[in-house]
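# Secondary and tertiary structure notes
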Amino acid sequence: MRILALDSSGLVASAAVVEEDQTIAEYTVNYKKTHSQTLLPMVDEIAGMIELDLGTLDAIAVAAGPGSFTGLRIGSATAKGLGLALDIPLIHIPTLEGLAYNLYGVSEMVCPLMDARRKQVYTGVYSFQGGFSTVVDQCAVPVVELADRLNELGQAVIFLGDGVPVYRDVLDEALSVPHTYAPAHMNRQRAASVGALGIEYFKQGRTETAAQHAPDYLRMSQAERERAQREKKE
C-alpha cells in the first residue's frame, strides 16, 4: 500500500509518500512562504526524487482540519484535484489526530495545541494505551478550560503544536498534573504521521471520494463571524 499524505493545516506545509513499513519521502517546510506557493512544488519535488509513478498510489491522506482556513482550503483543493485526476480515494485525517500520531506509543496522554487566536486553541486529548484512542474529541476551547479538563483527568500529558510557545506559561501555571513538551523534531505537523495514520484508517475502510471531501473548520472564519454580527445588527 502506498499513500500520498498532505498537511497544510497550520504554519507548516508537509508532503510525504508512505508505505506500510516505511516512509519513502517527506518534505516539510516551516517558513514564511504561503502554502499555495509550496505544497504542489513539494509534491512535484518528491515525485521527481523518488521517481514516483502517481498511478501506484492507493489513496491520498489529507489533514482535514481544524486549522488555518486558508491552509485547509489549499490542502483540500490539492487532495481533491489529485484524487479526481488519479481516480483514487481520499482519507480524511482530523488534524489533531495526525499531530498526536507524531508521538505514537508514549505512555502519557498526548495533547496537541494549535493556536486558534482569541485566547483559544484547537486541541484534543489522545492515548496510545491499548491502541490509539481519543480521550477528548478535537475542539476549539480557551486554554484555561483545557487545563481544567486535564487536571480533572489526572494523568501525565505531553503537549505539542504551534500553540505551545503561545500558551506554555499559562499551562505551566494552571496545570497540577505532570506535563512535558515534545522536542523540536516531533512538535509540529508531519505528513508522514498523517500518512501512517491514513494507512490504518484505509484498512478500516475509512475513505471518501474526492467529491465527498470537505474540511472541518470547527468554527466560523473571521469574515463569517463579522458577517453574522452585521446581519444580527440589521
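Not measured: the values here are computed from a predicted model.

## A few points about the packing of helix α4 (residues 143-153) against helix α5 (residues 164-174)
To describe two helices that pack against each other, one gives the angle between their axes and the distance between the axes. The geometry of α4 relative to α5 is characterised by a closest axis approach of 10 Å and an angle of 35 degrees between their N-to-C directions. For α4 against α5, the interelement crossing comes out right-handed. Of the residues in α5, those in contact with V143, V144, A147 and N151 of α4 are Y167, V170, L171 and A174. Residue composition of the contact of α4 with α5, by class: seven nonpolar, one polar and no charged.

## Brief notes about the pairing of strand β1 (residues 2-7)
A regular strand carries its side chains on alternate faces of the sheet. Among the six residues of β1, five are classified as buried, and the element is accordingly described as predominantly covered. Between the antiparallel neighbours β1 and strand β2 (residues 13-19) lie five residues. Relative to strand β4 (residues 59-63), β1 runs parallel, the two sharing four bridges. From the neighbouring strand, L4 faces β4, where its bridge partner is I60.

## Observations concerning the packing of aromatic side chains
For the structure shown, the criterion picks out eight aromatic pairs. Summarising the aromatic geometry, the rings of Y104 and F128 are spaced 5.2 Å apart at their centres and angled 65 degrees between planes, so their arrangement reads as edge-to-face. One end of the pair, Y104, is in the loop between α3 (95-100) and β6 (109-117); the other, F128, is in the loop between β7 (120-127) and β8 (133-142), and 24 residues separate them in sequence. Given the relative accessible area of 56%, Y104 is considered exposed. Aromatic pair F128 and F132: ring centres 5.1 Å apart, planes at 25 degrees, arrangement stacked.

## As for the side chain of S9
Looking at the element boundaries, S9 is found in the loop between β1 and β2. Of the polar contacts made by the side chain of S9, one reaches the side chain of D7; its length is 2.7 Å. Not counting residues up to four positions away in its chain, the partners in contact with S9 are A63, P66, G67, S68, L72, T95, M114 and Q189.

## Comments concerning the domain arrangement of the chain
Taken domain by domain, the chain holds domain 1 (2-95 + 189-220) and domain 2 (103-181). Inter-centroid distance (C-alpha atoms) of domain 1 to domain 2 is 24 Å. Across the contact, 15 residues belong to domain 1 and 11 residues belong to domain 2. The contact between domain 1 and domain 2 buries some 900 Å² in all, and 58% of this surface belongs to carbon and sulfur atoms. Joining domain 1 to domain 2, the criterion identifies zero salt bridges. For the pair domain 1 and domain 2, the number of links is one residue pair in polar contact (both at pLDDT 80 or more). Residues of the side of domain 1 that touches domain 2, tallied by class, amount to eight nonpolar, six polar and one charged.

## Considerations on α5
Taken together, the buried positions of α5 are occupied by V164, Y167 and L171. Angularly, the buried residues of α5 cover 95 degrees about the axis, an arc narrow enough to put them on a single face. Counted as exposed and oriented over 90 degrees from the buried face of α5: P165, D169 and E173. Close packing links the buried residues of α5 with β6, β7, α4, β9 (157-160) and β10 (179-181).

Thresholds applied
Within each chain, residues carry numbers counting from 1 in the order of the written sequence. Residue-level local features of this predicted model are given only where pLDDT is at least 70; pairs of side-chain atoms are given and counted only at 80 or more, and the full residue set underlies all totals for whole chains, interfaces and linings. Excluding hydrogens and water, the side-chain values take into account all heavy atoms of the structure. All axes here are fitted lines through C-alpha atoms, helices being fitted over the stretch that makes contact, and every angle between N-to-C directions spans 0 to 180 degrees. Helix and strand definitions here come from DSSP, where helices need a minimum of 4 consecutive H or I residues and strands a minimum of 2 consecutive E residues; each element is numbered from the N-terminal end. The sense of a crossing depends on the near helix, which, turned anticlockwise from the far helix by less than a right angle, makes the crossing left-handed and, turned clockwise, makes it right-handed. Whether two residues are in contact is decided by their heavy atoms: any pair within 4.5 Å suffices. Residue classes follow a fixed rule: Ala, Val, Leu, Ile, Met, Phe, Trp, Tyr, Cys and Pro count as nonpolar, while Asp, Glu, Lys and Arg count as charged, and any other residue, Gly among them, counts as polar. Residue burial is assigned from relative accessible area. The probe radius is 1.4 Å, only protein chains are included, and a residue is buried under 20% of its type maximum, exposed over 50%, and partly exposed in between. Whether two strands pair comes down to DSSP finding at least two bridges between them. In this analysis, rings of Phe, Tyr and Trp, with Trp reduced to its six-membered ring, are considered paired at centre separations within 6.5 Å, and the interplanar angle assigns stacked below 30 degrees, edge-to-face beyond 60, and tilted for intermediate values. The definition of a polar contact used here is a pair of N or O atoms within 3.5 Å, where within protein one atom must be able to donate a hydrogen and the other to accept one, and adjacent residues in sequence count solely through side-chain atom pairs. The source of the domain bounds is an automatic or database domain assignment. Note: buried area is the sum, over both parts, of the accessible area (probe 1.4 Å) each one loses when the two are combined. Salt bridges are counted wherever a side-chain nitrogen of Lys or Arg sits within 4 Å of a carboxyl oxygen of Asp or Glu. Working definition: the arc comes from the directions between the helix axis and the C-beta atoms, pointing outward to the latter.

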